[in-house]
Amino acid sequence: MAAIRDQQNVHNTLALEQTIVNFVRRGDTAALKEWLADAPAVRGGILASDQLRQIKNTFIVTATLISRGAIRGGMDVDDALSLSDAYIQKCELMNHIDRITNLQYHMVFDYAERVEKLRYGKQPSKLVQDVAKYIQHHLSEPITTDDIAKALFLSRSRLSVKFKEEANENLIDFILKEKIEEAKRLLRYTDKTSVAISAYLGFSSQSHFSRTFKKYTGSLPNEYRKRHNN
């Protein structure tokens with residue numbers, strides 16, 4: 001029974017870590033804040049006999065995971081790793097668990113906010129944030145302008161015009177780019193086939209997915225995977 005509980009704790013910890021990393025990768029600060037308000041406590045494995053050292057080691061693991069998530073979200077590699085080093089150095093100078101915990105929360109939001117600014121502009125409008133949030137929550141479905149307009153209680157024409165004004169980009173392009181960003185992540189960091197990725201992201205066909213992927217990246221899905229997995 002103890003072994004089973006240990007396995008469940010590890011599984012739950014991994015699931016929680018992956019959830020947080022995904023929020024950072026997407027730069028979804030609104031969803032991150034909402035999730036953390038009711039998030040269960042993360043119980044990591046025993047990394048040290050001393051409680052303070054345990055908290056610091058957990059912080060280091062979190063910084064590593066979060067920085068990798070930010071890199072996948074588009075943050076410059078050197079910037080992400082330098083920021084991680086700075087946070088770890090600051091943590092090592094602390095001797096109070098509550099301060100380290102607060103620093104950890106600040107670090108997670110810092111990374112998420114930096115990715116958000118990279119993806120949606122330095123000061124994304126509420127509309128752009130709401131649209132991006134809707135897309136991220138429905139990535140595995142076909143998404144239309146009508147779908148988003150209904151969810152945001154706007155007319156289709158009003159949404160299209162207002163979004164173009166605030167994001168300086170066509171809404172359809174924005175939707176497809178978000179899907180292709182997720183496709184790029186799946187091609188680089190999972191073993192899913194391009195056919196499976198196409199179906200997961202709600203494309204009408206494999207050929208449609210391939211054409212769209214090439215339009216926004218300049219290469220076909222399998223070419224992209226080969227180039228980035230070498």
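Residues numbered from 1 in each chain as written. Predicted model: local features only at pLDDT ≥ 70, side-chain atom pairs only at ≥ 80, totals over all residues. Heavy atoms only, no water.

Remarks on the overall build of the protein chain
Condition: To qualify as a helix, a DSSP run of H or I must reach at least 4 residues; to qualify as a strand, a run of E must reach at least 2; elements of each kind are numbered from the N terminus. Think of it in three bands: with a 1.4 Å probe and only protein chains considered, a residue is buried below 20% of the maximum accessible area for its type, exposed above 50%, and partly exposed in between. Note on areas: Shrake-Rupley, 1.4 Å probe, and residue coverage restricted to the protein chains presented here.
Assigned secondary structure in the protein chain consists of twelve helices and zero strands. Reading the protein chain from its N end, one meets helices and strands in the order α-α-α-α-α-α-α-α-α-α-α-α. Within the protein chain, the proportion of its 230 residues that are buried is 38%. Summed over all atoms, the accessible surface of the protein chain reaches about 13300 Å², with 51% contributed by carbon and sulfur.

Quick word on the packing of aromatic side chains
Two measures describe an aromatic ring pair: the distance that separates the ring centres and the angle between the ring planes. Where we set the bar: Centre distance within 6.5 Å is the pairing criterion for rings of Phe, Tyr and Trp, where only the six-membered ring of Trp is used; planes under 30 degrees apart are then read as stacked, over 60 as edge-to-face, and the remainder as tilted. Charges are assigned to positions over rings by a cutoff of 6 Å between ring centre and Lys NZ or Arg CZ, combined with an angular limit of 35 degrees from the ring normal.
Applying the stated criterion across every chain yields a total of four aromatic pairs. Summarising the aromatic geometry, the rings of F213 and Y224 are spaced 5.5 Å apart at their centres and angled 75° between planes, so their arrangement reads as edge-to-face. Of this pair, F213 sits in helix α11 (residues 206–217) while Y224 sits in helix α12 (residues 221–228), and the two are eleven residues apart along the sequence. Assessed through its relative accessible area of 0%, F213 is described here as buried. One aromatic cluster is present, built from ring pairs that chain together F203, F209, F213 and Y224. One cation-aromatic arrangement involves K192 over Y200; the distance from NZ or CZ to the ring centre is 5.8 Å.

Some details on unusual backbone geometry
With a phi close to 60°, F153 is a non-glycine residue in the positive phi region. As for its placement among the helices and strands, F153 is situated in the loop between α7 (145–151) and α8 (156–167). Judged by its relative accessible area of 78%, F153 falls in the exposed class. In this structure, N168 takes a positive phi of about 55° despite not being glycine. Here N168 shows up in the loop between α8 and α9 (171–189).

Side note on helix α6 (residues 126–137)
For clarity, the threshold we go by: The span expected for a helix works out to 1.5 Å for each residue beyond the first.
Helix length check: α6 (twelve residues) gives 16 Å between terminal C-alpha atoms against 16 Å at 1.5 Å per residue, within 8%. Of all the residues in α6, the buried ones are L127, V128, V131, A132, Y134, I135 and Q136.

Quick word on the confidence of the model for the protein chain
Inclusion rule: Note: pLDDT gives the predictor's confidence per residue, expressed from 0 to 100.
The predicted model of the protein chain has a mean per-residue pLDDT of 83, with 86% of residues at 70 or higher. When mean pLDDT is compared element by element in the protein chain, α7 scores highest at 95, while helix α1 (residues 2–26) scores lowest at 62.

A few points about the packing of α9 against α11
Selection rule: Lines fitted to C-alpha atoms define the axes here, with helix axes fitted over just the stretch in contact, and angles between the N-to-C directions of these axes take values from 0 to 180 degrees. The labels follow the angle: roughly parallel below 35 degrees, roughly antiparallel above 145, roughly perpendicular from 65 to 115, and oblique for the rest. Contacts were defined at the residue level, with two residues in contact if any of their heavy atoms lie within 4.5 Å. Under the scheme applied here, ten amino acids are nonpolar (Ala, Val, Leu, Ile, Met, Phe, Trp, Tyr, Cys and Pro), four are charged (Asp, Glu, Lys and Arg), and all others, including Gly, are polar.
In contact at an axis separation of 10 Å, α9 and α11 are set at 95° when each is read in the N-to-C sense. Taken together, α9 and α11 sit at an angle that is classed as roughly perpendicular. For the pair α9 and α11, the contacting residues are D173, L176, K177, I180, A183, K184 and L187 in the first and F209, T212, F213, K215, Y216 and T217 in the second. When grouped by side-chain class, the residues that make up the contact of α9 with α11 number seven nonpolar, two polar and four charged.

Things to note about the pattern of salt bridges
Should their charged atoms come close, side chains of opposite charge can pair. Heads up, the rule is: Every case where a carboxyl oxygen of Asp or Glu lies within 4 Å of a side-chain nitrogen of Lys or Arg is listed as a salt bridge.
Scanning the model with the defined rule gives ten salt bridges in all. Close ionic contact of E169 with K177 constitutes a salt bridge, the shortest N to O distance being 2.8 Å. Take K177: its relative accessible area is 38%, and that puts it in the partly exposed class. In this structure, K184 engages E181 in a salt bridge whose closest nitrogen and oxygen atoms are separated by 3.1 Å. Placement of the pair is K184 and E181 together in helix α9, with a separation of three residues, close to one helical turn.

Some remarks on the environment of A149
Mapped onto the fold, A149 is located in helix α7. With ten residues separating them along the chain, A149 and L159 place their C-alpha atoms 6.2 Å apart. When sequence neighbours within four positions are dropped, the list of residues in contact with A149 reads L154, S155, R156 and L159.

Topic: α9
Condition: Pairing of N or O atoms within 3.5 Å defines a polar contact, subject to two protein rules: one partner must be a possible hydrogen donor and the other a possible acceptor, and residues neighboring in sequence count only if both atoms are side-chain atoms.
With 19 residues, α9 extends 27 Å between its outermost C-alpha atoms, agreeing within 8% with the 27 Å of an ideal straight helix rising 1.5 Å per residue. For α9, the full list of buried residues reads L171, F174, I175, L176, E178, K179, I180, E182, A183, R185, L186 and L187. Two or three places before I172, at the opening of α9, N170 has a side-chain oxygen 2.8 Å from that residue's backbone nitrogen.

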